[in-house]
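Understanding the architecture of this molecule
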Amino acid sequence: MLVLMNTATEEITLQIKETAKNFANQHIKPHVMQWDESQEFPAHIFHQMGELGLMGVLVPEEYGGSGLSYAEYKIIIEEISKVCGSIGLSVAAHNSLCTNHILLFGSEDQKHQYLPKLASGEWIGAWGLTEPNTGSDAGNMKCVATKNGDTWVLNGTKSWITHGKSGNVAVVIARTGESRAKNNATAFVVERSTPGFSGGKKENKLGMRASETAEMVFDNCIIPDSNRLGEIGDGFKQAMQVLDGGRISIACLALGIAKGAFEAAAGYSKQRYQFDQPISNFQAISFKIADMATEIDAAELLIMRACALKDAHEKVTREAAMAKYYASEVAVKVANEAVQIFGGNGYTKEFPVEKFYRDAKLCTIGEGTSEIQKIVIARETLNRF
Ligand SMILES: Cc1cc2nc3c(=O)[nH]c(=O)nc-3n(C[C@H](O)[C@H](O)[C@H](O)COP(=O)(O)OP(=O)(O)OC[C@H]3O[C@@H](n4cnc5c(N)ncnc54)[C@H](O)[C@@H]3O)c2cc1C
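Note that the structure is predicted; figures quoted are calculated from it, not measured.

Examining the overall build of the chain
Looking only at helices and strands, the chain has 11 helices and 10 strands in total. For 385 residues, the compact-globule formula gives about 21 Å, and the C-alpha radius of gyration of the chain, at 21 Å, lands near that figure. Overall, the chain is about 80 × 50 × 40 Å in size when its C-alpha atoms are taken along their principal axes. Expressed as a percentage of the 385 residues in the chain, the buried residues total 55%. A total of about 16,600 Å² of accessible surface is found on the chain, and carbon and sulfur atoms cover 53% of it.

Here it is in structure tokens:
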């Protein structure tokens, strides 16, 4: 039976939690609404987080990272997301997608070349799978890489990419075989300065507004074969493995958002008086608090199981999808109830819950929608019978 335990000592875990929490409260919290309103992507914050080891959480120390486990990574994403989902999303995408793809599938040369820069926060990473016409159906990509001697020529557009404009380096999954054929995609690492690689349209979003989401455009972009990650044809398979870890991080993001909204609403329910008593005295409100607390704990347990399996190097596709699916839906529900508990105040930008409400929705969409998670969970579960 799987034991839900953190691999770190309690003291180290507490230190990690305090570091992330203090940073979020001191350096992120005062600017949250300003960044949200202006859709400013605060790149400097990521450089500062790099100095604290928060940008290469899972990267071994030999490549300049913090060498921590998923159990510890959970705490970091959660603490940041309690304060700002946008920054939580960007830290998650940088660590789990771009950086982790290079860590999992890069050659030693590639790891030494890119991981120290990413782990220190000197460089911000992007990861491009999605295209304008292929989101859930990511295998049907149109962005192509054509071999030309010792180089590849990239052509096409990746859309909805976190750090699509500001990322200093991107992992890009492009089609290298026939459309709809098996093993028809390959992953490449592409530096921002490469001619033919540019940032495209930046999205104007409902939530997660301080996390940059933009197109990456490749126009006869020539990259050396040495920038290929792993074998030709393995790109899609690699992406699915990267997403197993990525889904855990989106679950942690959702958990942080849910906890942030819950803590605000629980506190408010004891301070807000109506009919000469705190609104928490009304069963209608206290039962909301009970449901929110129970669902948050259930989400956290699913996440802890997925982290424990990942740290034990076990297959985690089903458990990561369950954690991501459940935690995301809980975040949306909890944020919705939090706005309800705040009443009219919840509908204004003077109080934090309207932002949690807007940010939470991304969690049911990014890195595979809730519907896609259910497809994965059903497939992986039925395979057992
Ligand atoms: C803020 C943000 C950041 C993102 N960052 C990145 C990034 O860094 N890198 C990256 O590559 N991508 C990124 N994405 C893209 C994201 O992963 C996709 O939006 C997501 O996978 C869904 O794809 P889609 O938007 O094309 O929706 P679609 O695939 O068009 O889906 C539309 C609807 O149809 C449903 N649907 C589709 N297929 C099925 C099916 N077979 N069965 C049942 N229902 C189905 C979906 O669940 C959804 O409800 C980001 C997206 C957002 C919003």
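Read on, since the account is not over.
With respect to helix 10 (residues 353-360)
Counting buried positions along helix 10 gives 7 out of 8 residues, so the element sits mostly inside the fold. Within helix 10, the full set of buried residues consists of Val 353, Glu 354, Lys 355, Phe 356, Arg 358, Asp 359 and Ala 360.

Some thoughts on the packing of helix 9 (residues 317-342) against helix 10
At a minimum axis separation of 8 Å, helix 9 and helix 10 run at an interaxial angle of 155 degrees. Accordingly, the angle class assigned to the pair helix 9 and helix 10 is roughly antiparallel. Helix-helix and strand crossings are classified by hand; for helix 9 and helix 10 the assignment is left-handed. Residues Ala 331, Val 332, Ala 335, Asn 336, Ala 338, Val 339 and Phe 342 of helix 9 pack against Val 353, Glu 354, Phe 356, Tyr 357 and Ala 360 of helix 10.

Thoughts on the site of the ligand
Near the ligand lie 19 residues; those nearest to it are Thr 130, Ser 136, Trp 160, Thr 369 and Glu 371. A distance of 2.7 Å is found between an oxygen atom of the ligand and a side-chain nitrogen or oxygen belonging to Glu 371. Taking 980 Å² as the accessible area of the ligand by itself, protein coverage stands at 65%. Among the secondary structure elements, those contributing two or more residues to the shell around the ligand are strand 1 (125-128), strand 3 (151-162) and helix 11 (370-382). The residue makeup of the shell around the ligand, split by class, is 8 nonpolar, 8 polar and 3 charged.

What about the pairing of strand 1?
Here strand 1 shows two buried faces, one formed by Gly 125 and Trp 127 and the other by Ala 126 and Gly 128. Summarising the sheet, strand 1 and strand 4 (residues 169-175) pair through 4 bridges and their orientation is parallel. Note that in strand 4 the partner of Ala 126 across the bridge is Ala 170.

Here we look at unusual backbone geometry
Positive phi values are uncommon outside glycine, yet Met 208 reaches one of about 50 degrees. Classification of Met 208 by relative accessible area gives buried; the value is 1%. Residues other than glycine seldom take positive phi values, yet Asp 276 does so here, at roughly 65 degrees. What makes Asp 276 exposed here is its relative accessible area of 76%.

So, the packing of aromatic side chains
Under the counting rule described, the total for this entry stands at 9 aromatic pairs. Ring geometry for Phe 197 and Phe 218: centres 4.8 Å apart, planes at 20 degrees, overall stacked. In this pair, Phe 197 sits in strand 6 (residues 197-202) while Phe 218 sits in strand 7 (residues 213-224), placing the two residues 21 residues apart along the sequence. Of the residues examined, Phe 197 reaches a relative accessible area of 6% and is grouped as buried.

Let's talk about the pattern of salt bridges
For the structure on display, the rule yields 24 salt bridges. A salt bridge links Glu 78 to Lys 74, with the nearest nitrogen and oxygen atoms 2.9 Å apart. Of this pair, Glu 78 and Lys 74 both sit in helix 4 (residues 70-83), 4 residues apart, which is roughly one turn of the helix. As far as burial versus exposure is concerned, Glu 78 and Lys 74 are alike and both buried.

Overview of the packing of helix 4 against helix 8 (residues 283-311)
At a closest axis distance of 8 Å, the pairing of helix 4 and helix 8 adopts a crossing angle of 140 degrees. Taken together, helix 4 and helix 8 sit at an angle that is classed as oblique. For the pair helix 4 and helix 8, the contacting residues are Tyr 70, Ala 71, Lys 74 and Glu 78 in the first and Glu 300, Ile 303, Met 304, Cys 307, Lys 310 and Asp 311 in the second. Taken together, the residues that form the contact of helix 4 with helix 8 break down as 5 nonpolar, no polar and 5 charged.

Examining the confidence of the model for the chain
Atomic detail in the predicted coordinates should be set aside for any region of low pLDDT. Averaged over the chain, the pLDDT score is 96; the fraction of residues at 70 or greater is 98%. In this model residues 1-6 is a low-confidence stretch, pLDDT under 50, and it forms 12 contacts with partners more than four residues away in sequence or in other chains.

Observations concerning the pairing of strand 2 (residues 144-148)
As paired elements, strand 2 and strand 3 share 5 bridges and run antiparallel to each other. Directly across from Val 144, in strand 3, lies its bridge partner Asn 155.

What counts and how
Residues numbered from 1 in each chain as written. Predicted model: local features only at pLDDT ≥ 70, side-chain atom pairs only at ≥ 80, totals over all residues. Heavy atoms only, no water. Helix = DSSP H or I, 4+ residues; strand = E, 2+ residues; numbered from the N terminus. Rg over C-alpha atoms; globule rule 2.2 N^0.38 Å. Buried < 20%, exposed > 50% of the residue type's maximum accessible area, 1.4 Å probe, protein only. Areas by Shrake-Rupley, 256 points an atom, 1.4 Å probe, with all protein chains shown as cover. Axes fitted to C-alpha atoms, helices over the stretch in contact; angles between N-to-C directions. Parallel < 35°, antiparallel > 145°, perpendicular 65-115°, else oblique. Left-handed = near helix turned anticlockwise from the far one by under 90°. Contact = heavy atoms within 4.5 Å. Near = heavy atom within 4 Å. Polar contact = N/O pair within 3.5 Å; in protein donor to acceptor, adjacent residues only side chain to side chain. Nonpolar A, V, L, I, M, F, W, Y, C, P; charged D, E, K, R; others polar. Pairing = 2+ DSSP bridges. Phe/Tyr/Trp six-rings, centres within 6.5 Å; stacked < 30°, edge-to-face > 60°. Salt bridge = Lys/Arg side-chain N within 4 Å of Asp/Glu carboxyl O. pLDDT = per-residue confidence, 0-100.

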